[in-house]
Amino acid sequence: MIILGVILIIIGALTGISILYTIGAILAVVGLVLTILGAVGRGVGGRKTYF
């Protein structure tokens, strides 16, 4: 999810399509939060790890 977010941010910045930039930023932040929660042992969606 983080990688997809970064790709969308790059595509949005290069093409000037702001919605791609916004969606990419949201995906990157959500992916980072889920990864951090999984790393500290907090169950996310019934799992201990996100990836």
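Residues numbered from 1 in each chain as written. Predicted model: local features only at pLDDT ≥ 70, side-chain atom pairs only at ≥ 80, totals over all residues. Heavy atoms only, no water.

### Side note on the overall build of the protein
Okay, step 1: Counting secondary structure elements, the protein contains two helices and zero strands.
Okay, step 2: Relative to its full complement of 51 residues, the protein shows a buried share of 18%.
Okay, step 3: Put simply, 24% of the contacts in the protein that link residues at least 6 apart link residues at least 24 apart.
Okay, step 4: A total accessible area of about 3,700 Å² is found for the protein, and carbon and sulfur atoms account for 76% of it. (Helix = DSSP H or I, 4+ residues; strand = E, 2+ residues; numbered from the N terminus. Buried < 20%, exposed > 50% of the residue type's maximum accessible area, 1.4 Å probe, protein only. Contact = heavy atoms within 4.5 Å. Areas by Shrake-Rupley, 256 points an atom, 1.4 Å probe, with all protein chains shown as cover.)

### Re a nonpolar patch on the surface
Okay, step 1: Taken together, the side chains of Ile2, Val6, Ile10, Leu14, Val29, Leu32, Val33, Ile36, Leu37 and Val40 present a nonpolar region at the surface, about 890 Å² in accessible area.
Okay, step 2: Elements represented by at least two residues in the nonpolar patch include exactly helix H1 (2-15) and helix H2 (18-39).
Okay, step 3: If you tally residues by element for the nonpolar patch, the top one is H2, at five residues.
Okay, step 4: Tracing the chain through its elements places valine 29 in helix H2. (Patch = residues over 30% accessible without salt bridge, like charges linked within 9 Å, V, L, I, M, F, W, Y side chains within 5 Å. Salt bridge = Lys/Arg side-chain N within 4 Å of Asp/Glu carboxyl O.)

### A short note on the UniProt feature "transmembrane region" (unreviewed entry) in the protein
Okay, step 1: Here, UniProt's "transmembrane region" (unreviewed entry) annotation points to residues 6-39.
Okay, step 2: End C-alpha to end C-alpha, residues 6-39 measures 20 Å, and it is 94% helix and 0% strand. (UniProt positions renumbered as here; feature names shortened; annotations may be inferred.)

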